[in-house]
Amino acid sequence: RATPAAVNAACMVGHSTLRAAVMPDLQRAATPDEVQAMQTLADDALASGAIGISTGTFYPPAAQATTEEIIEVCRPLNTHGGIYATHMRDEGEHIVAALEETFRIGRELDVPVVISHHKVMGQPNFGRSAETLPLIEAAMAKQDVSLDAYPYVAGSTMLKQDRVLLAGRTIITWCKPFPELSGRDLDEVAAERGKSKFDVVPELQPAGAIYFMMDEPDVQRILKFGPTMIGSDGLPHDERPHPRLWGTFPRVLGHYSRDLGLFPLETAVWKMTGLTAAKFGLAERGQVQPGYFADLVVFDPATVADAATFERPTERAAGIHSVYVNGAPVWEEQAFTGQHAGRVLARSAVGIAAPGNAGSAA
């Protein structure tokens, strides 16, 4: 709060962060004492202004956490009116079980759930969004569930020795032991070292990667699903990041809304603004209304487009005229103005009603 960013921030505390703070060994389930210690830290974080807790059971630091551990660590969410967001345990073969676990955690805690960057990954699972979206919609009828997605067939995370992730093209985004490999194709690096792509991974770790692991029809089906929010899931620290950090929102406005006609412009804007503010409980945000904070992006709907590519991931988008945060101009003429007008946002525990017509967000 004392040294704000140029943008607003609604902060969550990470379950993996809590595990790392408390547990000497992350490759096991937590003991009752460790769960209690994590719960205390979570309570402190929520009292300090975090809007919720996020989990990433897909990742090694939290993969051994049981459902019961997560539920107990997250108990303070209910008291503080917080939200539970998760990169689920599985987005491939066992995605249905992962969804059911996510729904159960939300029910047990009686808190809102956000399924982060929903996808179905791996060629054997292409098309399964036709299965997962009805399951999510059915859960929404019984409890507070929402989801977000990014508009690419490739994801990005740590470089893992995972056959499903490595089945398609893989690009190295950063590599601590060999920094010069950033931006290289893993197939080429493996061939140079005389190893398979799978076997070369351990000698490159720790590292990050872009994985081409999704099918375009699934991406479009998830984006088009009415309740889906748009989120970048961007990783700004990567040496050669995924283009989603620079391209997500203009790509939806330009490519998917204007060019493909997946949904009207008003719906695209709503999925990025009013819907997100409502689901995350950000009061007086996300709509152009009297008395609301002036968080505004001025863009040309005829020319807005993503320019970032996997080869040139930091290219700035076209058609963005200016950006205002809390009424202050932070971006003009393709450059940062130097103003740090962002604020730390709190969550409204009572929730926010969304208007019936998505077009009102325009």
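Everything that follows concerns the structure shown earlier in this document.
The structure reproduced in this document is the subject of the present report. Since the structure is predicted, the reported quantities are computational estimates derived from the model, not experimental observations. (Residues numbered from 1 in each chain as written. Predicted model: local features only at pLDDT ≥ 70, side-chain atom pairs only at ≥ 80, totals over all residues. Heavy atoms only, no water.)

### Observations concerning the packing of helix α1 (residues 15–22) against helix α2 (residues 32–47)
Turning to step 1, where the next piece is worked out: Packing of α1 against α2 leaves a shortest axis separation of 9 Å and a crossing angle of 125 degrees. By the angle class used here, α1 and α2 are oblique. Of the two elements, α1 crosses α2, and the hand of that crossing is right-handed. Counted together, Leu18, Arg19, Ala21 and Val22 of α1 and Glu34, Ala37, Met38, Leu41 and Ala42 of α2 form the full contact between these two elements.
Turning to step 2, where the next piece is worked out: Here the residues of the contact of α1 with α2 sort into seven nonpolar, no polar and two charged. (Axes fitted to C-alpha atoms, helices over the stretch in contact; angles between N-to-C directions. Helix = DSSP H or I, 4+ residues; strand = E, 2+ residues; numbered from the N terminus. Parallel < 35°, antiparallel > 145°, perpendicular 65-115°, else oblique. Left-handed = near helix turned anticlockwise from the far one by under 90°. Contact = heavy atoms within 4.5 Å. Nonpolar A, V, L, I, M, F, W, Y, C, P; charged D, E, K, R; others polar.)

### A look at the sheet that holds strand β11 (residues 320–325)
Turning to step 1, where the next piece is worked out: The strand order across the open sheet built from four strands is β10-β11-β12-β13, with neighbouring strands paired in antiparallel fashion. The open sheet has two edge strands with one neighbour each: β10 (296–299) and β13 (335–336).
Turning to step 2, where the next piece is worked out: Both β11 and strand β12 (residues 328–332) contribute to a ladder of four bridges, which runs antiparallel. Looking across to β12, one finds that tyrosine 324 is bridged to proline 329. (Pairing = 2+ DSSP bridges.)

### Quick look at the pattern of salt bridges
Turning to step 1, where the next piece is worked out: Tallied over the full model, the rule gives 21 salt bridges.
Turning to step 2, where the next piece is worked out: Between arginine 75 and glutamate 72 there is a salt bridge whose closest N-O contact spans 2.9 Å.
Turning to step 3, where the next piece is worked out: Among the ionic pairs, arginine 251 bridges to aspartate 306, the shortest N-O distance being 3.3 Å. One end of the pair, arginine 251, is in helix α10 (residues 244–259); the other, aspartate 306, is in the loop between β10 and β11, with 55 residues separating them in the sequence.
Turning to step 4, where the next piece is worked out: Looking at arginine 251, the relative accessible area reads 18%, which means it is buried. (Salt bridge = Lys/Arg side-chain N within 4 Å of Asp/Glu carboxyl O. Buried < 20%, exposed > 50% of the residue type's maximum accessible area, 1.4 Å probe, protein only.)

### Quick look at the sheet that holds strand β7 (residues 170–175)
Turning to step 1, where the next piece is worked out: Within the open sheet, the three strands sit side by side as β6-β8-β7. Their pairing is antiparallel. Two strands lie at the open edges of the sheet, namely β6 (154–158) and β7, each paired on one side alone. Across this sheet, the average inter-strand angle for adjacent strands is 20 degrees, counted without regard to direction.
Turning to step 2, where the next piece is worked out: Here β7 pairs with strand β8 (residues 207–212) via five bridges, running antiparallel. By the bridge assignment for β8, isoleucine 172 is matched with alanine 209.

### Looking at the nonpolar core
Turning to step 1, where the next piece is worked out: Counting residues in hydrophobic clusters, the biggest one holds 82 residues, and the most contacted among them are Ile136, Leu159 and Leu204.
Turning to step 2, where the next piece is worked out: The greatest single-element share of this core, amounting to six residues, is contributed by helix α5 (residues 95–109).
Turning to step 3, where the next piece is worked out: Those residues in contact with leucine 159, other than ones at most four positions away along the chain, are Leu166, Thr170, Leu186, Val201, Leu204, Gln205, Ala207, Gly208, Ala209 and Tyr211.
Turning to step 4, where the next piece is worked out: Counting residues in hydrophobic clusters, the runner-up holds eleven residues, among them Ile51, Val114, Leu275 and Leu345. (Core = buried A, V, L, I, M, F, W, Y, C linked by side-chain atoms within 4.5 Å.)

### Looking at helix α6 (residues 129–140)
Turning to step 1, where the next piece is worked out: With twelve residues, α6 should reach 16 Å at 1.5 Å per residue; the first-to-last C-alpha distance of 16 Å fits that figure.
Turning to step 2, where the next piece is worked out: Those residues of α6 that fall on the buried side of the exposure criterion are Ser129, Thr132, Leu133, Ile136 and Ala139. For α6, the arc enclosing every buried residue in end-on projection is 120 degrees, short of the 170-degree limit, so these residues lie on one face.
Turning to step 3, where the next piece is worked out: Where α6 is buried, its residues meet α5, β4 (113–115), β5 (145–149) and α9 (216–224). (Expected span 1.5 Å × (residues − 1). Arc of directions from axis to C-beta.)

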